[in-house]
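So the chains spell out like this:
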Amino acid sequence: ATEQMTGYARAELLGTQFSGYFTEPDQARAGYEQAFRDGSARDYPLELRHRDGHTTSVLYNAAVYRDPSGQVLGVMAAARDVTQVMRAEAALRESEMQLRDLFDNAQVGMGVVALNGDLLRINSCFCQTTGYAADEVLSLGLPAITHPGDRAADLANKQRLLSGEIDTYSMEKRYLHKGGGVVWVEVGLSLVRDPDGKPRLAVGTMRDITAQRRAEAEVRELNAELEARVGQRTAELTRANQDL
């Protein structure tokens, strides 16, 4: 296996410096010195260089071996190829960074909620909508900035979701803006399960619909005013016809 990883035949390897086959010889030397000093070294990370230039990520485990009198004779080392593991971990880190960027820069408010109801994380859009800094919201909790008239319905929906009774819900509710007044939002919360189907946490989205609610209220007022005027005009015409 060492021949395959280095590209050198056994005869070429024997008698040469151990540390010379690694991308960082000083680190390799420190590894076997640690084994001599402490008696062993576990999961020591190194990169083995092949003679054609490509490298293999390995974890070394090493231990000293002794003669019958207990005198240290040398170090026995074994390397495990972890190249695929390292690549998978790098891909996972990249994926997590992308998800973090999507979460933080989403154009809608987003939050992560634990199964006990605690808010774990929110993004900048959520903060901009409510006027609170992230640490303020995490410290206060969502119920504290939810309008009193919406807390009961919001809590009931959240309890059903976090208990696993339902997988998602959406509702319109009001938040108390830090600067005063209320913000109407449309919230949606979805349950996230592990591969075995067990609930893990919930992810929520929040969309500011304050302008929409105001527009709807204005339309209702205009319709009411129009109906009143039409009713008044109809009454006037009826009286005029009666007079004729």
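Residues numbered from 1 in each chain as written. Predicted model: local features only at pLDDT ≥ 70, side-chain atom pairs only at ≥ 80, totals over all residues. Heavy atoms only, no water.

*Asks:* Tell me what's going on with the sheet that holds strand 2 (residues 55–66), and back it up with residues and numbers.
*Replies:* The three strands lie next to each other as 1-2-3, forming an open sheet whose pairing is antiparallel. Of all the strands in the sheet, just strand 1 (40–49) and strand 3 (72–81) have a single pairing partner and so form its edges. Looking at each pair of strands side by side, their axes are set apart by 35° on average, direction ignored. Of the strands in this sheet, strand 1, strand 2 and strand 3 touch helix 3 (residues 25–38), which is tilted by about 160° from strand 1. (Pairing = 2+ DSSP bridges. Helix = DSSP H or I, 4+ residues; strand = E, 2+ residues; numbered from the N terminus. Axes fitted to C-alpha atoms, helices over the stretch in contact; angles between N-to-C directions. Contact = heavy atoms within 4.5 Å.)

*Asks:* Which residues make up the nonpolar core, and what values do they have?
*Replies:* Core analysis: the largest hydrophobic core is formed by 22 residues, its most contacted members being Phe-126, Val-137, Leu-142, Ile-145, Leu-161 and Tyr-175. Elements supplying a minimum of two residues to this core: strand 5 (119–122), helix 5 (124–130), helix 7 (142–145), helix 8 (148–162), strand 6 (168–176), strand 7 (182–193) and strand 8 (199–208). A per-element tally of this core places strand 7 first, with five residues. Not counting residues within four places of it along the chain, the set of residues in contact with Phe-126 comprises Gly-109, Met-110, Val-137, Leu-142, Ile-145, Tyr-175 and Met-206. (Core = buried A, V, L, I, M, F, W, Y, C linked by side-chain atoms within 4.5 Å. Buried < 20%, exposed > 50% of the residue type's maximum accessible area, 1.4 Å probe, protein only.)

*Asks:* With reference to specific residues and values, describe helix 3.
*Replies:* Between the first and last C-alpha of helix 3 there are 20 Å, a value that for 14 residues agrees with the 20 Å anticipated at 1.5 Å per step. Among all positions of helix 3, only Ala-28, Gly-31 and Ala-35 are buried. Take helix 3 and look down its axis: the buried residues cluster within an arc of 55°, on one side only. Across helix 3 from its buried face, at more than 90 degrees, point the exposed residues Asp-26 and Arg-37. Next to the buried residues of helix 3 lie strand 1, strand 2 and strand 3. Taken from the residues just after helix 3, Gly-39 is the one with a positive phi, measuring 95°. (Expected span 1.5 Å × (residues − 1). Arc of directions from axis to C-beta.)

*Asks:* Describe the pairing of strand 4 (residues 109–114), naming the residues involved and giving the relevant values.
*Replies:* For strand 4, the buried fraction is high: six of the six residues fall into the buried class. Side-chain alternation along strand 4 places Gly-109, Gly-111 and Val-113 on one buried face and Met-110, Val-112 and Ala-114 on a second face that is also buried. Bridge count between strand 4 and strand 8: six bridges; the pairing is antiparallel. Among the inter-strand pairings, Gly-109 is bridged to a residue of strand 8, identified as Met-206. In this structure, strand 4 lies alongside strand 5, joined through three bridges in antiparallel fashion. Each residue of the ladder has a partner; that of Val-113, found in strand 5, is Leu-119. Between the end of strand 4 and the start of strand 5, which pair antiparallel, lie four residues, with Gly-117 showing a positive phi angle near 95°.

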